[in-house]
Amino acid sequence: SLPTPEEFAALAEEIAREAGAMLLEKRPARPQVLLTKSSPTDVVTALDRAAEELIRDRIKAARPGDAILGEEGGATGEGAVRWVVDPIDGTVNFLYGLPEWSVSIAVEVEGRIVAGVVNVVPRGEVFTASLGGGAWLAGERLRCNTGVPLSQALIGTGFGYQAGRRKVQAEVLTHVLPAVRDVRRAGSAASDLCSVAAGRLDGYYERGPNYWDYAAGGLVATEAGARIGGLHGRPYSPEMTLCAAPGLFEELHDLLAPLNPERDA
Ligand code: IPD
């Protein structure tokens, strides 16, 4: 029989902690990275790959039959259980030494996310969640903020990498910014969703993150009482991921939907 969601979360946590420790140790100081002759992104890519390999090895050792979807290594294996891995979410922060990057690991059973772990490594914060078992940080159960109106809300978002998409994201922002308390762009979608869970953000939206960016953080947020979804009742997806407490979720949705934020210029 399969492990429980809590058991999957415990294994994911162990692996995310080990990968985080490796990355913290191997991350070169920023000047070194930026002054290196090879492209700075190569250094990051090499560590990204090394971390995903470590994670894949540990998953395979513990659960040889499971499928894995990773940002670097793509999809391997098939079966009822699939691990969804982002070895470094927030790669630009990682490159610059900003303290907001994370190792993100989610576990799906029959297509449903049952466990999620986000290790925000530089802060030493490991967020964990299991389906029906709540969201946790350092032994404390997390609860998202509730009852915050849109006009008072601190909203997180992110931007993609292509210029055309950014143009639309900037345009959408001209409507969001005057309607809310303020906007944050922290640089890691996984961590943003955990911030919603912890009440450090009231809500989050982004057009464009990949599944591995938000799979684990999404469960952390929903287990903390937040709602997650797309536009017009659609499930959340790379087209649009919206997350906030019920009430604020709808207000944010109604602000965004008419702006048609899923288009690319
Ligand atoms: C990115 C980060 C960023 C978000 C981008 C993602 P990566 O992931 O999560 O916050 O705005 O959409 O692609 O590339 O650092 O793994």
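From a predicted model like this one, the values you see are computed outputs, not experimental measurements. Position numbers for residues start from 1 in each chain and track the written sequence from start to end. In keeping with the model being predicted, local features are shown solely for residues with a pLDDT of at least 70 and side-chain atom pairs are shown and tallied solely at 80 or more, while totals for entire chains, interfaces and linings include all residues.

A. Just the overall build of the protein, in detail. Strands here mean DSSP runs of E at least two residues long; helices mean DSSP runs of H or I at least four residues long; both are numbered from the N terminus. The helix and strand inventory of the protein stands at eight helices and 13 strands. Relative to a compact globule of 265 residues, whose C-alpha radius of gyration would be 18 Å, the protein shows 18 Å and is just as compact. Among the 265 residues that make up the protein, the fraction classed as buried is 46%. Placing C-beta atoms from the backbone, we regard two residues as in contact once those atoms come within 7 Å. For the protein, long-range pairs separated by at least 24 residues make up 64% of all intrachain contacts whose partners lie at least 6 apart in sequence. For a compact globule the rule gives 2.2 Å times the number of residues to the power 0.38, and the radius of gyration it is set against comes from C-alpha atoms. In this scheme the burial state of a residue depends on its C-beta neighbours within 10 Å: 20 or more other such atoms mean buried, 12 or fewer mean exposed, and anything in between means partly exposed; the C-beta positions come from the backbone.

B. Local environment of the domain arrangement of the protein. According to the domain assignment, the protein consists of domain 1 (5-141) and domain 2 (150-259). Listed as interface residues are 28 residues of domain 1 and, on the opposing side, 21 residues of domain 2. Of all the secondary-structure elements, those providing two or more residues to the side of domain 1 that touches domain 2 are strand E1 (67-70), strand E3 (81-89), helix H4 (91-96), strand E4 (102-109), strand E5 (112-120), strand E6 (125-130) and strand E7 (134-137). Tallied by class, the residues present in the side of domain 1 that touches domain 2 amount to 17 nonpolar, seven polar and four charged. Domain start and end points were adopted from an automatic or database domain assignment. The residue classification treats Ala, Val, Leu, Ile, Met, Phe, Trp, Tyr, Cys and Pro as nonpolar and Asp, Glu, Lys and Arg as charged. All others, Gly included, are polar.

C. Representation of unusual backbone geometry within the structure. You will see that Glu110, though not glycine, has its phi angle at about 50 degrees, which is positive. Structurally, Glu110 is set in the loop between E4 and E5. By the C-beta count within 10 Å, which is 10 here, Glu110 ends up exposed. Residues other than glycine seldom take positive phi values, yet His232 does so here, at roughly 55 degrees. One can find His232 in the loop between strand E12 (227-229) and strand E13 (241-244). With 8 C-beta atoms packed within 10 Å, His232 lands in the exposed category.

D. The arrangement of the packing of helix H6 (residues 189-198) against helix H7 (residues 211-223) in detail. Relative orientation of the contacting elements H6 and H7 amounts to 5 degrees, with a least axis distance of 8 Å. One finds that H6 runs roughly parallel with respect to H7. Together, Ala189, Ala190, Leu193, Cys194, Val196 and Ala197 of H6 and Asp213, Tyr214, Ala216, Gly217, Gly218, Val220 and Ala221 of H7 make up the contact between the two elements. Considered class by class, the residues forming the contact of H6 with H7 number 10 nonpolar, two polar and one charged. A fitted line through C-alpha atoms serves as each axis, taken over the contacting stretch for helices, and the angle formed by two N-to-C directions is quoted from 0 to 180°. Any angle between 65 and 115 degrees counts as roughly perpendicular, while under 35 counts as roughly parallel, over 145 as roughly antiparallel, and the rest as oblique.

E. Molecular detail of the confidence of the model for the protein. Of all residues in the protein, 95% have pLDDT values of 70 or greater, and the mean over the chain is 94. Reported confidence for the predicted complex is 0.96 by ipTM and 0.95 by pTM. Across the chain, each position has a pLDDT score giving the predictor's confidence in that residue, from 0 to 100.

F. Spatial organisation of the site of the ligand. Any residue whose C-beta atom, as set from the backbone, lies within 6 Å of a molecule or strand is reported as near that molecule or strand. Near the ligand you find 14 residues, and of these Asp89, Thr91, Gly158, Ala189 and Pro209 are the closest. Class assignment for the residues of the shell around the ligand results in three nonpolar, seven polar and four charged. Looking at which domains feed residues into the shell around the ligand, each of domain 1 (5-141) and domain 2 (150-259) supplies at least three.

G. Molecular detail of the pairing of strand E11 (residues 203-206). Residues Gly203 and Tyr205 point to one face of E11 and Tyr204 and Glu206 to the other, with burial holding for every one of them. Pairing between strands requires that DSSP locate at least two bridges from one strand to the other. Where strand E9 (residues 154-157) lies against E11, three bridges are found, and the strand directions are parallel. Across the sheet, the residue bridging to Ile155 is Gly203, located in E11. Pairing analysis gives four bridges linking E11 to E13, with the strands arranged antiparallel. By the bridge assignment, Gly203 is partnered in E13 with Ala244.

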